[in-house]
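# Examining the three-dimensional arrangement
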Amino acid sequence: MYAKELIERAKKARENAYAPYSKFKVGAAILTEDGEVYTGVNVENASFGLTVCAERVALFKAVSVGKRSFKAIAVVADTEEPVPPCGACRQVLSEFGDMEVIMANLKGDVKIARLRDLLPDSFKFEEGKR
Ligand code: THU
């Protein structure tokens, strides 16, 4: 099952998280429909609001090399419960359709949901309705 492998990739990536302010390290790994994996980490900034989450870094890496279809994304942090992606990341991920969201923590707890269930009624741009 790819969930385990994806969690491992996210966990390994997490070691490179740049989180000097919150100290909250997050790792993500996104699986494309054609079987490639791209990882991401949170990248914080001295101007805190400019921080980018691990999920978006992973997605943007994949999109930047031409990927558009995704099967699943795993996200891992050192949390009591499996870490859920933030609302902003849910919206950004939803741009590329539904996918499986694999939430995990370092203790090995895992929770799996569909993106459409985590963010029903995501915003979609409708051309010509201005
Ligand atoms: N963070 C993520 O990377 N992903 C999430 O889904 C939630 C939050 C990061 C942003 C910030 O660097 C740190 O976690 C604390 O909010």
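Below is a short write-up of the structure. This one's a predicted model, so the numbers in the text were calculated from it and none came from an experiment. (Residues numbered from 1 in each chain as written. Predicted model: local features only at pLDDT ≥ 70, side-chain atom pairs only at ≥ 80, totals over all residues. Heavy atoms only, no water.)

### Examining the layout of surface pockets
As a reminder, the rule being used: Using a 1 Å grid laid over the protein atoms alone, points where a 1.4 Å probe fits but cannot get out form a cavity; open sets with protein on both sides within 12 Å along at least 5 of 7 lines form a pocket; any residue with an atom within 4 Å of a point counts as lining. Grid points are joined across faces, edges and corners, and a volume is the space filled by probe spheres set on the points. Three classes are used, and their members are as follows: Ala, Val, Leu, Ile, Met, Phe, Trp, Tyr, Cys and Pro are nonpolar, Asp, Glu, Lys and Arg are charged, and the others, Gly among them, are polar.
Taken as a whole, the largest pocket holds about 150 Å³ of empty space. Along the walls of the largest pocket sit Phe-24, Val-26, Asn-42, Glu-44, Thr-51, Cys-53, Ala-54, Glu-55, Val-83, Pro-84, Pro-85 and Cys-86, which together make up its complete lining. Counted by class, the lining of the largest pocket contains eight nonpolar, two polar and two charged residues.

### Some remarks on unusual backbone geometry
Under the convention used in this document: Helix and strand assignments follow DSSP, with helices taken as H or I runs no shorter than four residues and strands as E runs no shorter than two, numbered in order from the N terminus. Burial status follows relative accessibility: with a 1.4 Å probe on protein chains alone, a residue under 20% of its type maximum counts as buried, one over 50% as exposed, and anything between as partly exposed.
Located in the positive-phi region is Lys-23, a residue other than glycine, with phi close to 60°. Summarising the element assignment, Lys-23 is placed in the loop between helix 1 (2–14) and strand 1 (26–32). Take Lys-23: its relative accessible area is 65%, and that puts it in the exposed class. Of note in this structure, Asp-121 is not a glycine but carries a positive phi near 60°. Position of Asp-121 among the secondary structure elements: in the segment after helix 4 (115–118). With relative accessibility at 79%, the residue Asp-121 sits in the exposed group.

### A word on helix 1
In plain terms, the rule: A helix is expected to reach a length of 1.5 Å times the quantity of its residues less one. The directions from the helix axis to the C-beta atoms are what the arc is built from.
When the terminal C-alpha atoms of helix 1 are compared, their 18 Å separation across 13 residues agrees well with the 18 Å that a helix rising 1.5 Å per residue should span. Those residues of helix 1 lying buried are Ala-3, Leu-6, Ile-7, Ala-10, Ala-13 and Arg-14. Buried positions in helix 1, seen along its axis, are confined to an arc of 125° and lie on one side of it. When the buried face of helix 1 is taken as reference, the exposed residues oriented beyond 90 degrees from it are Lys-4, Glu-5 and Lys-12.

### A look at the site of the ligand
Stated formally: Here a residue counts as near a molecule or strand whenever at least one of its heavy atoms sits within 4 Å of it. Here a polar contact is recorded for every N or O atom pair within 3.5 Å, except that within protein the pair must consist of a potential hydrogen donor and a potential acceptor, and residues adjacent in sequence are included only if both atoms are side-chain atoms. Per-residue and other accessible areas follow the Shrake-Rupley method at a 1.4 Å probe size, with only the shown protein chains counted as cover for residues. A cavity or pocket is said to hold a molecule if more than half of that molecule's atoms lie within 2 Å of its grid points.
Surrounding the ligand, one finds Ser-22, Phe-24, Val-26, Asn-42, Glu-44, Thr-51, Cys-53, Ala-54, Glu-55, Pro-84, Pro-85 and Cys-86. Separating an oxygen atom of the ligand from a side-chain N or O atom of Asn-42 is a distance of 2.9 Å. Summarising the interface, the protein chains cover 78% of the accessible area of the ligand, which totals 370 Å² for the free molecule. Among the detected pockets, the ligand sits in the largest pocket. By residue class, the composition of the shell around the ligand is seven nonpolar, three polar and two charged.

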